[in-house]
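# Coordinate analysis (summary)
The chain contents come next:
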Amino acid sequence: MKETVLQKFNAELGTDIKGLNRIYEFQQCLNKQKNEIEKSLSMASTEATSRVKAVIESVERISIEIQQLEETCAEFRSDIEETMHEDDKSLEMQKIIDTISYLDKSLSYLNFIKYIENISDEIQASLTNGDDETTISLYTDLTNISCQLQSSKCLHLQNYVKETLHFWHNLIKDKLSKEYNDILKTLKWPFCGSNANALHTPMPETLMKFKILTEYLLHLQLPEEPVMPLVTSMLLTDFTPVSLPVSLLVRPLRQRFIYHFTGSKLTNRQDKPEWFFTQIITWIKDHVQWVQKNVQPAANSVGLNHVDMKVEFMRVLVQLAVEKLHSELSIVQYDDALFAHLVDEALGFERELRETLLYPPTQPATIVVLTQAHIFVKWINVEKKYAAEKMDAMLSSNTAWEKLSNSDTDDMKVTECADAFLTLLTTISDRYKHLPQPGHRLQFLELQLELIDDWRVRLIQLLHENYEDPLTSLMPCILNTLHYVATVLEEWGITVHFLQLHFFKKQFEVVETATLEGSDIKNVGEVEGSVFDEAVALLRRLEKELINEISDSVLLDVKAKSRSYRTDKWFAMPSTKEMISLSVTQSGYPMFQELATQLNLLHNRLALPLFYQAWKNLASQFDQFLLEEVVLVNHFNVGGAEQLQYDVLRNLFPLFGLYISKPESYFPLIKEACILLNIMLGSAMLLVEALDNSDETAAKEILADFPQVKLYMEKDLQRVYLPQLAENFLDIQEENP
């Protein structure tokens, strides 16, 4: 108590000595609290009486509630004990019910097994009695039961029914197969050899029995577990199993195929793969219509309308070819000649299947063998090797650069070399265009592009080896070849086949770029151009270079004959008044004769589009030459100006007019120069004044009245040519005022 008092005083007064005056306040507070406590405890106080009474009433109420809860708890405990006793009885009853249910299921299980055994007994009896219809009906019931048990958890029961089904399937199949083979012999199936004519003389009763047996065999199929054929390669897993009737129809053909094309038979030759391919095609052609007519209706009658029996028949025979091709490739892959021949025959077989026999593109064929990784690499290498050899042969042929005699495009002057090279590319395209994978087709496309570039390089080498006079060398023939090949490649580029390849190529490039950069693959979007754009651009560039070289060579020959014409006395020629009539300048005969000869040679040796390019280049250069080497370096009198104009209008233009209308439009410089040299004196003086005028605005207004000067103004040649032309004209006027 003492410690409590001390703590109270310390808390109120603190450690400050000056705060001791608060002790009186503290005393008054304590006295007040004391009085209140004494007052509340006084028994004489009415307030204390009411509080005590309320507490007593509360205690009594709580006591009553406790007593009630104890009674309720006792009742609840009694109910729980009673319920637990009843549950014990229910558990005993449930055990009895579970036992009854187990026994009932066991009885049902045994009854089900008994039902299966009864069906088996009935199948046995119907087989013994030869009742095929009842046998198939019972087998169908057994098949339906097996299908219904697929979702059951009774695995042993599933296996029992499945084994029973397989047991009867094998027995029934053996019996019906024997009957089916007998009826096929009656029908003289297959229709080959001595039975070839049996196709046209079937017996109606026999055909009816054949149809019924076909329906039975179709019902006999194991739909949930088809019989998988024995395969010798993973490739053959692409061939889905066929129905029993089709497999029985193909069995004798398979036996014949194995007999003739395996072992040491003379018909089994590695250098003659076309023999077994042709045999398969022949069998398909001879039998497929009969299968469509007689087997398909049976399939339709049993609800197999979705199954195309004709396609199934073809697929089994194609599988024979694939098996044989796969085995042959493993042997001949080390001999390029045999390998190439086998690939060609396989592709031809595939092409005839798809295009002639309408074998569906979704069904596998020989392509699946050729596109195996190691076989495909070998195929590409062999294609490249033989393509290179063919290019060597076509370029070294004595008739390589001769024009095709029966060419429909005579204006193109198609050479044997161009035709042979395009045939080579077309043959490669025909071989790979049926490949289903875009990646495989793109590899062949890259081979074609590589061959085009190699062929271009070989032509360049050939040009260097035969470098002489361009027009008398191989250059025109090579130029025609380049132009024709480039033109055809441009046409090929917009075909569906190569447009698809161009799109796939862009897709592969986008994927490759995204993979290297680690970014997302973007949409290719609209694809422009073609796969041959780069190759054609290189060919066109070489073509342009050769055109320029030929044009330059021709111009040099013409210039060599022009010396006397360029140095003629233009300043002392008689005018038209002094002569009866004008004729070509005597000194210009050699030049114009050479020009006419060269133009004719160009026309005869170059393809028409190339000739147009060549003479346009020649015209442009010759126009420049006449202006700079004849007009601007000489002085002209009136007769000289008239003579030059006559030579140009009456001789030069008609030479080119043999090949093009309005040739004057291709000689603007010399044409305008002749007009300027022959204008009137007043116009000439005004023109000279315009040229000497320092006021550019006034000069332009004067020059606007001279349409002949417009060309020079547009070509920014006014300061170079017009002063000299004006000087020449003034010389003319001084001599002939």
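See the structure shown above.
Heads up: these notes are all about the structure in this document. Since this is a predicted model, take the numbers as computed values, not measurements.

### Regarding the overall build of the protein
Within the protein, the regular secondary structure consists of 27 helices and 0 strands. A buried classification covers 40% of the 737 residues belonging to the protein. Long-range pairs, those at least 24 residues apart, make up 74% of the contacts in the protein between residues at least 6 apart in sequence. Counting every atom, the protein has about 42300 Å² of accessible surface; 54% of that belongs to carbon and sulfur.

### Re the nonpolar core
Leu353, Trp455, Phe622, Leu644 and Leu652 are the most contacted members of the largest nonpolar core, which totals 179 residues. Leaving out residues up to four positions away in the same chain, Trp455 has contacts with Met391, Leu395, Cys417, Phe421, Thr481, Leu482, Val485 and Leu539.

### Focus on a negative patch on the surface
A contiguous patch of negative charge on the surface is contributed by Glu70, Glu71, Glu75, Asp79, Glu82, Glu86, Asp87, Asp88 and Glu92. Along the chain, Glu92 turns up in helix H3 (residues 46–129).

### Here's the deal with the pattern of salt bridges
Counting across every chain of the model gives 23 salt bridges. Within this structure, Asp132, Lys175 and Glu179 form a network of salt bridges that share partners.

### Details of empty space enclosed by the protein
Under the criterion given, the structure shown has 2 cavities of 30 Å³ or more. The space that makes up the second largest cavity amounts to roughly 30 Å³. For the second largest cavity, the full set of lining residues is Leu347, Glu350, Arg351, Ile367, Asp430, Arg431 and His434. Of all the secondary-structure elements, those providing two or more residues to the lining of the second largest cavity are helix H11 (336–355) and helix H14 (416–432). Here the residues of the lining of the second largest cavity sort into 2 nonpolar, 1 polar and 4 charged.

### Considering H11
Taking 1.5 Å of rise per residue, 20 residues should cover 28 Å, and H11 covers 28 Å from first to last C-alpha, within 8% of that figure. For H11, the complete set of buried residues consists of Phe339, Ala340, Leu342, Val343, Ala346, Leu347, Phe349, Glu350, Leu353 and Arg354. Where H11 begins, the capping side chain belongs to Asp335, and its oxygen is found 3.1 Å from the backbone nitrogen of Ala337.

### As for unusual backbone geometry
Leaving glycine aside, a negative phi is the common case for residues, and trans is the common case for peptide bonds. Following Trp189, the chain continues into Pro190 via a peptide bond in cis, with omega recorded as 0 degrees. Here Pro190 is to be found in the loop between helix H5 (155–186) and helix H6 (204–219). The phi dihedral of Leu358 is positive, around 60 degrees, even though this residue is not glycine. Here Leu358 is to be found in the loop between H11 and helix H12 (367–370). Of the residues examined, Leu358 reaches a relative accessible area of 65% and is grouped as exposed. Of note in the backbone geometry, Lys413 takes a positive phi value of approximately 50 degrees without being a glycine.

Rules of the game
- Residues numbered from 1 in each chain as written.
- Predicted model: local features only at pLDDT ≥ 70, side-chain atom pairs only at ≥ 80, totals over all residues.
- Heavy atoms only, no water.
- Helix = DSSP H or I, 4+ residues; strand = E, 2+ residues; numbered from the N terminus.
- Buried < 20%, exposed > 50% of the residue type's maximum accessible area, 1.4 Å probe, protein only.
- Contact = heavy atoms within 4.5 Å.
- Areas by Shrake-Rupley, 256 points an atom, 1.4 Å probe, with all protein chains shown as cover.
- Core = buried A, V, L, I, M, F, W, Y, C linked by side-chain atoms within 4.5 Å.
- Patch = residues over 30% accessible without salt bridge, like charges linked within 9 Å, V, L, I, M, F, W, Y side chains within 5 Å.
- Salt bridge = Lys/Arg side-chain N within 4 Å of Asp/Glu carboxyl O.
- Lys, Arg positive; Asp, Glu negative; His and termini not counted.
- Charge placed at Lys NZ, Arg CZ, Asp CG, Glu CD.
- 1 Å grid on protein atoms, 1.4 Å probe; cavity = no way out; pocket = protein on both sides within 12 Å on 5 of 7 lines; lining within 4 Å.
- Points joined across faces, edges and corners; volume = space filled by probe spheres on them.
- Nonpolar A, V, L, I, M, F, W, Y, C, P; charged D, E, K, R; others polar.
- Expected span 1.5 Å × (residues − 1).
- Polar contact = N/O pair within 3.5 Å; in protein donor to acceptor, adjacent residues only side chain to side chain.

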